[in-house]
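Below, each chain spelled out in residue letters.
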Amino acid sequence: MNPEFNDVPLIKNSEKNRFELKTDDYVTFIDYKERNNKIWLIHTEAPEELKGRGTATAIVEKTLAYLEDNNYKLIPLCPFVVTYLKRHTEWNRILDESVTPF
């Protein structure tokens, strides 16, 4: 993760069902659905103004750490998250049993 984001807190916005990372007046987010200690990550979006700075990667990493720390099981539906997981197979440990490991 870009060290620029180390101290930027991850926000779980339950009203909008998304994780958020606020940077320079912009918000990068991952939409999610949650049920029975399982979280489906559906869509990741970074504002055009932040493209190339690593905000999408940072929010994925922070979200995966949050899921692990809070004993959630992950069901990845977002193509960006799936691509990240294929490159970082150590996160297979938080996948739901219904998901084939990468």
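Anything mentioned here points back to the structure above.
## Side note on the pattern of salt bridges
And then number 1: Within this structure, the stated rule accounts for 5 salt bridges.
And then number 2: Of the charged contacts, one joins Arg53 and Asp24 as a salt bridge, the two residues approaching to 2.7 Å between their closest N and O atoms. One end of the pair, Arg53, is in the loop between β4 (38-45) and α1 (55-69); the other, Asp24, is in the loop between β2 (18-23) and β3 (26-35), with 29 residues separating them in the sequence.
And then number 3: Residue classification places Asp24 among the partly exposed positions, given a relative accessible area of 49%.
And then number 4: The residue Glu68 makes a salt bridge to Arg93 at a minimum N-O spacing of 2.5 Å. Residue Glu68 is located in helix α1, and its partner Arg93 is located in the segment after α2 (79-87); the two are separated by 25 residues in the primary sequence.

## Re the side chain of Thr63
And then number 1: The topology assignment puts Thr63 in helix α1.
And then number 2: Using a relative accessible area of 0% as the deciding quantity, one classes Thr63 as buried.

## Digging into α2
And then number 1: Inspection of α2 places Val81, Val82, Tyr84 and Leu85 among the buried residues, and these make up the whole buried set. Buried residues of α2, seen end-on, are gathered within an arc of 160 degrees and therefore sit on one face of the element. α2 presents Pro79, Lys86 and Arg87 as exposed residues on the side facing more than 90 degrees away from its buried surface.
And then number 2: The inward-facing, buried residues of α2 abut β4, α1 and β5 (73-76).

How each quantity is defined
Every residue gets a number counted from 1 within its own chain, in the order that chain's sequence is written. Whole-chain, interface and lining totals are the exception, using all residues; otherwise, since this is a predicted model, local features are given only for residues with pLDDT of at least 70 and side-chain atom pairs are given and counted only at 80 or more. Water and hydrogen atoms play no part in the side-chain values, which are based on all heavy atoms of the structure. What counts as a salt bridge is simple: a side-chain nitrogen of Lys or Arg found within 4 Å of a carboxyl oxygen of Asp or Glu. Secondary structure elements follow DSSP: runs of H or I no shorter than four residues count as helices, runs of E no shorter than two count as strands, and numbering proceeds from the N terminus. In this scheme, a residue with accessible area under 20% of its type's maximum is buried, one over 50% is exposed, and one in between is partly exposed, where area comes from a 1.4 Å probe on protein chains only. The directions considered for the arc run from the helix axis to the C-beta atoms. Pairs of residues are marked as contacts when any of their non-hydrogen atoms sit within 4.5 Å.

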